[in-house]
Amino acid sequence: MNLTLKIWRQKGANDKGKMVDYSISDVSPDMSFLEMLDVLNSELITKGEEPVAFDHDCREGICGSCSLYINGEAHGPDRGVTTCQLHMRMFKDGDVITIEPFRAKAFPVIKDLIVDRSAFDRIQHAGGFISVNTSGLTVDANAIPVNKHDADESFMAATCIGCGACVASCKNASAMLFVGAKVSQFALLPQGQVEATDRVLNMVKQMDEEGFGNCTNTGACEVECPKGISLENIARMNREYLAASLKG
Amino acid sequence: MALDAKIPKGPLADKWTNHKNTIDLVNPANKRNIDIIVVGTGLAGGSAAATLAELGYNVKAFCFQDSPRRAHSIAAQGGINAAKNYQGDGDSTYRLFYDTVKGGDYRSREANVYRLAEVSANIIDQCVAQGVPFAREYGGLLDNRSFGGVLVSRTFYAAGQTGQQLLLGAYSAMNRQIGRGKITMYNRHEMLDVVKVDGKARGIIARDLVSGEIERHSAHAVVLGTGGYGNVFYLSTNAMGSNVTAAWKAHKRGAYFANPCYTQIHPTCIPVSGEHQSKLTLMSESLRNDGRIWVPKKKEDAEAIRAGKLKPTALAEQDRDYYLERRYPAFGNLVPRDVASRAAKERCDAGFGVNKTGEAVYLDFAAAFMRYGKEQAHVKGLDENDDALVKKLGQEIVKTKYGNLFQMYEKIVNQNPYETPMMIYPAVHYTMGGIWVDYNLQTTVPGLYAIGEANFSDHGANRLGASALMQGLADGYFVLPYTIGDYLSHDIRTGKIPTDTKEFEEAEKTVVDNINHLINNKGTHPVDYFHRRLGKIMWNKCGMARNAEDLKSAIHEISDLRAEFWKDVMVPGSADEFNEELAKAGRVADFLELGELFAKDALQREESAGGHFRDEYQTPEGEAMRRKEFQYVSAWEYKGEPKDAVLHKEELSYENIEVKERSYK
């Protein structure tokens, strides 16, 4: 396949960025999207030009490093995948592909297609944990039975990889799917109950301070989430938050 | 230096308890005055950082990723072992210990492995308390499954994402300490050297990957939890950023590097599809619980399949060769990874491979669909003889167990594994070699510790499934936090370690000179060009099977390639900015040294053991042949060029296990 790529180039956080056109040929449909960018970069370096900076690491859909806004969609046109799992067979010969960084005030650009998602870390520092000592001297694991349905729901929420696609897809750049998933994981488990009130209040407060917008129930986040995290988690967070506010 | 493993005296089962009772402790008030650097934030580094901070030490943690949550432990799929015996199938600490030593082909250290088995049960308790959502049975209790190389069900799991959930558990424990200010987190930072003062590790030189700034960080002790070096093969199941740099720099500063040639090749990966490939994707070994592995019995059928003229589903049962079930009836498809990997290579080399390149075998779930489906039909009172219905019900069960893996396979290969058998082939996965450590996990440099995959100690020559997560967390949560206190108890009066000393200056200069050389080289080829070539040499000559002749030529080729790299590598951009190519160049430079030591180690070891298979040493049936005279750990001392490295041996003695021929038949 021969393709035209329109790629956002931005030297650093304080520089002005612009779209730059590149053409690439002999793209195999079996390549992943990131492997296609590897080929482009290798050509650029050989020509003495600067390669395009993009985040990536595990390349098997689980680390959450890869981002990219492709043709107006977080992680591109395929469903239920990260960018590293997006394959070029989703595109046609002659296509023009636009590649931009995830855009949100809370995700400042570091370089080219790389954004700073450390706001997600700070939300977790505010309460994304169960306060248990790491001594191993806790009760036997089977002394805390968990209803299978709750355990499965908790697991489904915990599968969030923190990639930020939900924020990038939201017209308000809201992080509520991410925070909802984190709150839900613990809210559904008996171990997480003791500090549930503080957890949801602190995490939501930090989320607001980071500059994420509000949820207006558009649902774009759920559509673009590579892990299929359900909107139900936002509802659960809202219920938790309301209950905590009334208590607090 | 004579290697002293510092294994405590006394009966095996009491060693760890006695050791904990007799080593020195640091008073809680003094812990506040002690700084510890932890490099790497995966299962080992993350759990260590959290625990050390909780004990009261001041921790500085470093990772090259944008968040500790992205460390490659996150990609581990299958599960974590623990000798809980919840299933009542005869499991015990001793059995887990025995299976691990046997699985490691009697090349691991008895005392360390026993301790690992001993603390394994606590890991599960700890993780459950932290809110790790393990798989549950309907009664609310934890579910287990089985993995290769064992006859009990001791593996705890969270669908096919156990590593992610365990890592998020450690990360949440870290978050709690970051929130309390006890851990200072340095994301997007890469360690580029260890600083030694008076022979002790007292800090590191790190590079801020965003600004390019070189930083000096001091501490009373340095802990490396930096993972393995499988990316020396270029193609592996490791994340793209996984590298040997921190470990290699530690080696250059005096830490011995042990068993570099012990590499685990994982049997169930998605086969290579073309030259563009950047990495190989692993499919959890747990699939072998329910999948049957086969190739066609007749060469002409294999040829027809490769040519696309015959569909695997059309091949009759009697024309299929379930070679693992045939060769190893006791363990069948659940033989250990090295055995399964070699058996696949043997069939493909003999001409029975099933993909275009002839380097793939089938992993078939058809039988599992029917087996589970019949059970479901029975439970639901439906017609057990309706094959279409049974298949559908069975597929639903398989989907709940391995759904994400099936989806991943379909995305990559573009074939539906519910309809046609998966194709798999072995790929480089986990490195059992690493920095030599004693029983306290201390390297040959005082104050420098190595944990998890970065050290060599617990896996021997081969690692059984679900044991890496166990070791990472055991080291980080339960071993290092005790043993490091013994060393630090002598440092309570030391005070802050200054960074404006000649040792820090000298180390920083080494780092800066290296970077300047790479940036100013202006050669003709990008870093990947050299990395790919290194990978080809490694895979072809130091891969699943090796021989003296190939290893000798590999040593020369790698050495020549290294010289060419330093002359001809092209690194664009500058050093004072975000520069991924520069970071990669430094990593590949270290791989080019490690690769040669790897080949040298493999050449020296004239035997076959686990993941190290020498063609010259095999039984008439093609099984690995160990040799008594090689029952030692090879620990290499750095002396400049890899060719000058000096070999030290730590003899391995087995007092509690009889060293037998390793049989899975």
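Here the structure is a predicted model, which means the values were calculated and not measured. (Residues numbered from 1 in each chain as written. Chains lettered and ligands numbered in written order. Predicted model: local features only at pLDDT ≥ 70, side-chain atom pairs only at ≥ 80, totals over all residues. Heavy atoms only, no water.)

Trainee: Quick question: what am I supposed to make of the packing of helix α6 (residues 196–209) of chain A against helix α8 (residues 232–247) of chain A here?
Mentor: The geometry of a pair of packed helices is captured by two quantities: the angle between their axes and the separation between those axes. All names here are of chain A. Closest axis-to-axis distance for the α6/α8 pair is 9 Å, and the angle between their directions is 110°. The angle between α6 and α8 falls in the class roughly perpendicular. On the side of α6, the interface is formed by Ala-196, Thr-197, Val-200, Leu-201 and Val-204, while α8 contributes Met-237, Glu-240, Tyr-241, Ala-244, Ser-245 and Lys-247. For the contact of α6 with α8, a count of residues per class yields seven nonpolar, two polar and two charged. (Axes fitted to C-alpha atoms, helices over the stretch in contact; angles between N-to-C directions. Helix = DSSP H or I, 4+ residues; strand = E, 2+ residues; numbered from the N terminus. Parallel < 35°, antiparallel > 145°, perpendicular 65-115°, else oblique. Contact = heavy atoms within 4.5 Å. Nonpolar A, V, L, I, M, F, W, Y, C, P; charged D, E, K, R; others polar.)

Trainee: Looking at this structure, I do not really get the sheet that holds strand β1 (residues 35–39) of chain B. What am I missing?
Mentor: Strand pairing in a sheet relies on backbone hydrogen bonds. The paired strands run either parallel or antiparallel. All names here are of chain B. If you walk across this open sheet you meet the five strands as β5-β2-β1-β9-β17, and the pairing is parallel. Looking at the sheet topology across the chains shown, the edges are occupied by β5 (183–186) and β17 (448–450). Adjacent strand axes in the sheet meet at a mean angle of 20° when their direction is disregarded. By the bridge criterion, three bridges tie strand β9 (residues 221–224) to β17 in an arrangement that is parallel. Residue pairing in the sheet places Val-223 in a bridge with Tyr-449 of β17. (Pairing = 2+ DSSP bridges.)

Trainee: Even after reading the chapter, I still don't get the side chain of Glu637(B), so can you show me in this structure?
Mentor: Position of Glu637(B) among the secondary structure elements: in strand β18 (residues 632–637). Polar contacts involving the side chain of Glu637(B) include one to the side chain of His648(B), which spans 2.7 Å. (Polar contact = N/O pair within 3.5 Å; in protein donor to acceptor, adjacent residues only side chain to side chain.)

Trainee: What is the right way to look at the pairing of strand β7 (residues 200–208) of chain B in this model?
Mentor: A regular strand places its side chains on the two faces of the sheet in alternate fashion. All names here are of chain B. Across the nine residues of β7, eight count as buried, placing the element largely inside the fold. What sits between the antiparallel neighbours strand β6 (residues 189–197) and β7 is a turn of two residues, in which Asp-198 has the positive phi angle 50°. Summarising the sheet, β7 and strand β8 (residues 214–218) pair through five bridges and their orientation is antiparallel. For Gly-203, the partnering residue across the bridge sits in β8 and is Ser-218. Counted along the chain from β7 to the antiparallel partner β8, the turn is five residues long, and its residue Gly-212 has a positive phi close to 80°. (Buried < 20%, exposed > 50% of the residue type's maximum accessible area, 1.4 Å probe, protein only.)

Trainee: Would you mind showing me how to read helix α11 (residues 366–380) of chain B here?
Mentor: In an α-helix, one turn spans 3.6 residues; hence positions three or four apart end up facing the same way. Residue and element names in this part refer to chain B. Its 15 residues place the ends of α11 21 Å apart at the C-alpha level, agreeing with the 21 Å of an ideal helix rising 1.5 Å per residue. For α11, the set of buried residues is Ala-368, Phe-369, Tyr-372, Gly-373, Gln-376 and Ala-377. Taken around the axis of α11, the buried residues stretch over an arc of 155°, which confines them to a single face. Contact partners of the buried residues in α11: α12 (387–413). (Expected span 1.5 Å × (residues − 1). Arc of directions from axis to C-beta.)

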